[in-house]
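Breakdown of the fold
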Amino acid sequence: MESVSLKDLVKTYDRRPILRGVSLTASAGRITSILGPNGAGKTTTLRISLALIFPDRGEVRVLGEDPFEEKRVLKKVGYVQEIPNLPSFLTVEKFLELSARMKSVGREEINRVRDLLDLGGIWRTRIAKCSKGTVQRIAIAEGLLAEPEVLIMDEPYLGTDPLVTAKIRRILYEVRASGTCILMTSHDMDEVRRMSDEVYVMNRGGITFRGSPEEMAKRFLGIRVVVETEDLEPLTQLVKEGEWGEVLKSGAGKAIVSLKEDRREEFLRDVVERGVRVRGFYLDQDLEEAYEEAVRA
Amino acid sequence: MNVWNVVRYEVRRAVARRKVITLVLITVFFEVGSYVLLTQAHGPRFDRVLVPLKPYLWLLGVLLPQSLLIHFIAISIASGSMAEEYEQGTVDFFLTKPIGRGEFLLGKFLGGFLLLVSVYALMVVLALSLSFLLFGTQRELNYLPEVVGTVVFSSLTFFTISFLVGELSRRSSISFLASSSFLVGSLIVSILVVFLSQLVGMTSLEYVTLYLPTWGASQLPFIVSSAIPGVYLIVEALSLFPLGFGSAMQAIASILVYSSVASAIALYSFARRDVPKRVY
């Protein structure tokens, strides 16, 4: 089911096109990530989905409703800002109470997100006194209030330490498993590769790629495999003789081989049969490189 | 329901800021200072004027902020009401909740105005307490609700103008400066026009001031208070403009026109403008 559907969005600021016909869908129970360089139009796209920015043209549907017309649909939508700007004079408790009142949910729900994000220790602390990572946790807790059907997150890992990142990742997996649609932007390629079911790459207000992280790597990098072995010399020779493709990088006990076709199993068999001692063999999904290519596309 | 949540938030936000504490301190200083000053005024000439006024001195404290102070307080509160939400990026939090833009704007407006009324209520309480305490029993208190009501109503003009400028500019400092300049500018022009009309004997010129926002906003409570027996001297002393031209209805019309036009523009602007990401 499409939880968020954006069709042909066009937005211009001071005659400068920000979005040039962006169409995007995000489904329930999936994590959809939008990638792109700064100024690509990612945040504008999210803000249009939340009815914060009016598109010049195009259609916006969130859970089947137009959020500009039907504000009640936002009760089922959670939002986490890139840098959470929360009312800093409120305590964590009062802030979540305010949000709960606005979403018409009760104390039980507040306690649920408090426990989920481990906010008990700072419950009566003013937000102004919380660290950056803690503010991020508070913002995520607020976004998860009322068990949203759609969770929109702009750079959820910005400024978080590895522990918080891992915690957020675990929570997002749980949220996705419960059927929530997660739509987020990110610059963290590793996280995107790990978590996303679908990826959109944006550049200069347009979508340059749509597909899974694997598809992205495949399309922009080709079929690349990593062979972990000490027998780099015989491996290189084998690749050349067998006309499998070419060795892109070799050294430090591993080689990256670009295959002409997706015949990984046959290639591995050939490698083993020729006596190359293989310690590891896997598909290279360096999304960062694929992303660079996708942006250029 | 969500309008009430925004009203509560707005009052809380304003109280948390030092600005409001400063306003309360200014209020106390002006009220207490004025009454204490009067207790120090002795001598036959002072007594001749003050003694008959003593039973009506509650009106002094109630009307004292009317000429200027209440409008500055209104500007101070309203200029940041919308603008600070943009500056701090907290507007995103509210507009991504199930609340219409009109409801949010109404909540902010009511919350800020409630705060202004509370600050003024403190002045009224101080005025009543100090006048009773220092000058004995007070008379004609049946006029109190009417006078207080008109002061509150007349503060709407600059409160709304400042609220509008805050929404349009999205910068609290610009909003405060522009609204204060508008208040002072309008006041200076009015005083000059009145002075000129008296100088050249053209009283019809005075009526030009009726169309400026300061006249209605500052004169309505004085027009209403001038009907109270025995207080003419207090009213005349506090009023910025000479009493006698323009009616209460004209003052009400002036306040209503300026307030409703400013509110309508603010609503139109807020309902149609984008809320871009906060820029650091």
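Residues numbered from 1 in each chain as written. Chains lettered and ligands numbered in written order. Predicted model: local features only at pLDDT ≥ 70, side-chain atom pairs only at ≥ 80, totals over all residues. Heavy atoms only, no water.

**Some words on the layout of surface pockets**
Quick reminder of the rule: Method remark: on a 1 Å grid restricted to protein atoms, a set of points is classed as a cavity if a 1.4 Å probe fits but cannot get out and as a pocket if it is open with protein on both sides within 12 Å along at least five of seven lines; lining residues have an atom within 4 Å of a point. Grid points are joined across faces, edges and corners, and a volume is the space filled by probe spheres set on the points. Working definition: helices are DSSP H or I runs of at least four residues, strands are E runs of at least two. Numbering for both runs from the N terminus. The residue classification treats Ala, Val, Leu, Ile, Met, Phe, Trp, Tyr, Cys and Pro as nonpolar and Asp, Glu, Lys and Arg as charged. All others, Gly included, are polar.
As a volume, the largest pocket reaches approximately 470 Å³. Gly 39, Gly 41, Thr 43 and Thr 44 of chain A together with Lys 277 of chain B are, among the 22 residues lining the largest pocket, the residues nearest its centre. Here the lining of the largest pocket gets four residues from one element, more than from any other, and that element is helix H1 (residues 42-49) of chain A. In terms of residue class, the lining of the largest pocket is built from seven nonpolar, seven polar and eight charged.

**Some thoughts on the domain arrangement of chain A**
Residue and element names in this part refer to chain A. Rule in force here: Domain delimitation follows an automatic or database domain assignment. Once two parts are put together, the accessible area they lose, assessed with a 1.4 Å probe and summed over both, is termed the buried area. Each salt bridge in this description consists of a side-chain nitrogen of Lys or Arg and a carboxyl oxygen of Asp or Glu lying within 4 Å of one another. Polar contact is defined as a pair of N or O atoms within 3.5 Å, subject to the rule that within protein one atom must be able to donate a hydrogen and the other to accept it, and that residues adjacent in sequence are counted only when both atoms are side-chain atoms.
By domain assignment, chain A separates into domain 1 (2-211) and domain 2 (221-296). Here the C-alpha centroids of domain 1 and domain 2 sit 38 Å apart. Roughly 720 Å² is buried in total at the junction of domain 1 and domain 2, and carbon and sulfur atoms are behind 71% of that figure. Of all residues in domain 1, the largest losses of buried area upon contact with domain 2 belong to Met 189, Arg 193 and Val 201, amounting jointly to 60% of the total for that side. For the pair domain 1 and domain 2, the interface holds zero salt bridges. Scanning the region where domain 1 abuts domain 2 turns up one residue pair in polar contact (both at pLDDT 80 or more). Broken down by secondary-structure element, the contributors of at least two residues to the side of domain 1 that touches domain 2 are helix H6 (189-195), strand S8 (198-203) and strand S9 (206-211). For the side of domain 1 that touches domain 2, the per-class residue count stands at six nonpolar, three polar and one charged.

**Digging into empty space enclosed by the protein**
Over the atoms, a rolled probe matching the size of one water molecule traces out where space is still vacant. Applying the stated criterion to the full structure yields one cavity of 30 Å³ or more. Its residues placed into classes, the lining of the largest cavity shows six nonpolar, two polar and three charged.

**Thoughts on the pairing of strand S6 (residues 150-154) of chain A**
Residues and elements named next belong to chain A. Note the threshold: Buried means the residue's accessible area, taken with a 1.4 Å probe over protein chains only, is under 20% of the maximum for its type, while exposed means over 50%, and partly exposed covers the values in between. Pairing between strands is defined by DSSP: at least two bridges between the two strands are required. A clockwise path from the first strand over the helix to the second, with the strands pointing away from the viewer, defines a right-handed crossover.
When you tally the buried positions in S6, you get five out of five residues, the bulk of the element. Burial along S6 is two-sided: Val 150, Ile 152 and Asp 154 facing one way and Leu 151 and Met 153 facing the other are all buried. Inspection of the sheet shows S6 paired to strand S7 (residues 181-185) by five bridges, in the parallel sense. Opposite Leu 151, over in S7, you have Ile 182 as the bridge partner. Handedness of the S6-helix H5 (residues 162-177)-S7 crossover: right-handed.

**Let's talk about the nonpolar core**
We apply this condition: Grouping buried Ala, Val, Leu, Ile, Met, Phe, Trp, Tyr and Cys residues that are joined through side-chain atoms within 4.5 Å yields what is termed a nonpolar core.
Counting residues in each nonpolar core, the largest one holds 144 residues, and the members touching the most others are Val 92, Leu 96, Leu 119 and Ile 138 of chain A together with Val 62, Phe 104 and Tyr 120 of chain B. The greatest single-element share of this core, amounting to 13 residues, is contributed by helix H8 (residues 101-135) of chain B. Core analysis: the second largest hydrophobic core is formed by 15 residues, Val 201, Phe 209, Ala 217 and Tyr 291 of chain A among them.

**Quick look at the interface of chain A and chain B**
Rule in force here: Whether two residues are in contact is decided by their heavy atoms, any of which lying within 4.5 Å being enough.
Residue-level contacts link 31 residues of chain A with 30 residues of chain B. Between chain A and chain B, a total of about 2600 Å² is buried, with carbon and sulfur atoms accounting for 61% of that surface. Taken together, the connections running from chain A to chain B amount to three salt bridges. For Lys 97 of chain B, the salt bridge is made with Glu 142 of chain A, and the minimal N-O distance between the two is 3.2 Å. Summed over the shared surface of chain A and chain B, the number is 13 residue pairs in polar contact (both at pLDDT 80 or more). Top contributing element to the side of chain A that touches chain B by residue count: helix H2 (residues 92-102) of chain A, with six residues. A class-by-class count of the residues in the side of chain A that touches chain B yields 17 nonpolar, four polar and ten charged.

**Looking at the pairing of strand S10 (residues 223-229) of chain A**
Residue and element names in this part refer to chain A. For S10, the buried fraction is high: six of the seven residues fall into the buried class. Of the strand pairs in this sheet, S10 and strand S12 (residues 254-259) are connected by six bridges, and their pairing is antiparallel. In the strand pairing of S12, Val 227 is matched with Ala 255. Bridging between S10 and strand S13 (residues 278-283) involves five bridges; their strand directions are antiparallel. When the bridges of S13 are listed, Val 227 appears paired with Phe 281.

**Remarks on the sheet that holds strand S4 (residues 57-62) of chain A**
Residues and elements named next belong to chain A. Keep this limit in mind: Axis angles are defined between N-to-C directions and span 0 to 180 degrees, where every axis is a line fitted to C-alpha atoms and, for a helix, only to the segment in contact.
Spatially, three strands are ordered S2-S1-S4 in an open sheet, and the strand pairing comes out antiparallel. If you trace the sheet from one side to the other, it starts and ends with strand S2 (16-27) and S4, each paired once. Here the strands of the sheet are splayed against their neighbours by 15 degrees on average, with no regard to which way each runs. Sheet analysis places strand S1 (residues 2-13) next to S2, joined by nine bridges and oriented antiparallel. Pairing of Ser 5 across the sheet is with Thr 25, part of S2.

**A word on the packing of helix H8 (residues 232-241) of chain A against helix H9 (residues 264-273) of chain A**
All names here are of chain A. Quick reminder of the rule: Oblique is the label for any angle not under 35 degrees, not over 145, and not in the 65 to 115 range, which are roughly parallel, roughly antiparallel and roughly perpendicular in turn. Each crossing gets its hand from how the near helix is turned against the far one by less than a right angle, where anticlockwise is left-handed and clockwise is right-handed.
Closest axis-to-axis distance for the H8/H9 pair is 11 Å, and the angle between their directions is 130 degrees. Between H8 and H9, the interaxial angle falls into the category oblique. Along this stretch, H8 crosses H9, giving a crossing that reads as right-handed. Across the interface between the two elements, Leu 235, Leu 238 and Val 239 from H8 touch Phe 267, Asp 270 and Val 271 from H9. For the contact of H8 with H9, a count of residues per class yields five nonpolar, no polar and one charged.

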